[in-house]
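# Tertiary structure, described
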Amino acid sequence: NQPVAGAQVTLSVGSQSIVAMTDGSGKASGALVLNQTVGPNTASASFAGGGFLAGSSASQNVTITPNTNVGPGRDADSLYTGSLWFWTTSSTSST
């Protein structure tokens with residue numbers, strides 16, 4: 001088997017997917033920012049085929065885990081590491 005460069009491959013994790021092109025060694029890669037619930041899911045790669053090449057696909061069970069280095073924030077891209085704080089209704093209130 002020879003590697004195929006420039007082939008379109010769909011890479012998926014759960015309900016999210018990207019389309020990537022194979023490089024000179026026949027490998028496709030890409031980045032996928034997951035915005036799904038943590039827990040068990042499926043990762044897959046598929047090639048539709050074309051020309052004289054047959055299509056193929058593969059899948060594997062994966063577990064999406066939370067990133068403990070990222071805290072709540074806009075698009076979960078911020079992390080607060082300071083002291084705990086509480087919202088108050090007054091600048092002089094301590095509760």
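What comes next concerns the included structure. Along each chain, numbering runs from 1 in the same order as the chain's sequence is written. For this predicted model, a pLDDT threshold of at least 70 governs which residues receive local features, and a threshold of 80 or more governs which side-chain atom pairs are given and counted, while totals over whole chains, interfaces and linings are taken from all residues. Calculated side-chain values reflect all of the structure's heavy atoms, with hydrogen atoms and water omitted.

## Points about the layout of surface pockets
Which entries qualify depends on this criterion: Think of a 1 Å grid over the protein atoms and nothing else: a 1.4 Å probe that fits but is trapped marks a cavity, an open set flanked by protein within 12 Å on at least five of seven lines marks a pocket, and residues with an atom within 4 Å of a point count as lining. Grid points are joined across faces, edges and corners, and a volume is the space filled by probe spheres set on the points. What counts as a helix is a DSSP run of H or I of at least four residues, what counts as a strand is a run of E of at least two, and both are numbered from the N terminus. All residues other than Ala, Val, Leu, Ile, Met, Phe, Trp, Tyr, Cys, Pro, Asp, Glu, Lys and Arg, Gly among them, are scored as polar; the first ten of these are nonpolar and the last four charged.
If you add up the space inside the largest pocket, you get close to 200 Å³. Along the walls of the largest pocket sit Pro 3, Val 4, Ala 7, Val 9, Thr 22, Gly 26, Ala 45, Ser 46, Phe 47, Ser 56, Ser 57 and Ala 58, which together make up its complete lining. Going through the elements one at a time, β3 (39-47) and β4 (56-64) are the ones with two or more residues in the lining of the largest pocket. When grouped by side-chain class, the residues that make up the lining of the largest pocket number seven nonpolar, five polar and no charged.

## Quick word on the side chain of Gln 36
Note the cut-off: N or O atoms closer than or at 3.5 Å make up a polar contact, with two conditions inside protein: a donor-capable atom paired with an acceptor-capable one, and, for residues adjacent in sequence, both atoms drawn from side chains. Every residue pair with non-hydrogen atoms within 4.5 Å of one another is taken to be in contact.
Mapped onto the elements, Gln 36 comes out in the loop between β2 (16-21) and β3. A distance of 3.3 Å separates a polar side-chain atom of Gln 36 from the backbone nitrogen of Ser 15. A polar contact is formed between the side chain of Gln 36 and the side chain of Gln 16, at a distance of 2.9 Å. If we ignore the near neighbours within four places in the chain, the residues touching Gln 36 are Val 13, Gly 14, Ser 15, Gln 16, Asn 41 and Ile 64.

## Let's talk about the pairing of strand β1 (residues 8-13)
To keep things clear, this is the line we draw: Pairing between two strands requires that DSSP report at least two bridges joining them.
Bridging between β1 and β2 involves six bridges; their strand directions are antiparallel. Bridging from a neighbouring strand, Ser 12 pairs with Ser 17 of β2. Counting the residues in the hairpin turn of β1 and β2 gives two residues, including Gly 14, whose phi is positive at 60 degrees. Summarising the sheet, β1 and β3 pair through four bridges and their orientation is antiparallel. Bridge pairing links Val 13 to Ala 43 in β3.

## What to know about the sheet that holds β3
Applicable threshold: In this description, a line fitted to the C-alpha atoms serves as the axis of each element, helices being fitted only across the stretch in contact, and the angle between N-to-C directions of two axes falls anywhere from 0 to 180 degrees.
Reading across the sheet, the four strands line up as β2-β1-β3-β4 and stay open at both edges, with antiparallel pairing between neighbours. The open sheet has two edge strands, β2 and β4, and neither has a second partner. Put simply, the sheet's adjacent strands are angled 15 degrees from each other on average, direction ignored.

## Details of the side chain of Ser 12
Of note, Ser 12 is situated in strand β1. Once residues within four sequence positions are removed from consideration, Ser 12 is found in contact with Ser 17, Thr 42, Ala 43 and Ser 44.

## Considerations on the environment of Ser 46
Looking at the secondary structure, you find Ser 46 in strand β3. With 37 residues separating them in the primary sequence, Ser 46 and Val 9 have C-alpha atoms 5.6 Å apart. Setting aside anything within four residues of it in sequence, one finds Ser 46 in contact with Gln 8, Val 9, Thr 10, Ser 56 and Ser 57.

Note that every value here comes from positions in space, so none of it alone points to a role or purpose.
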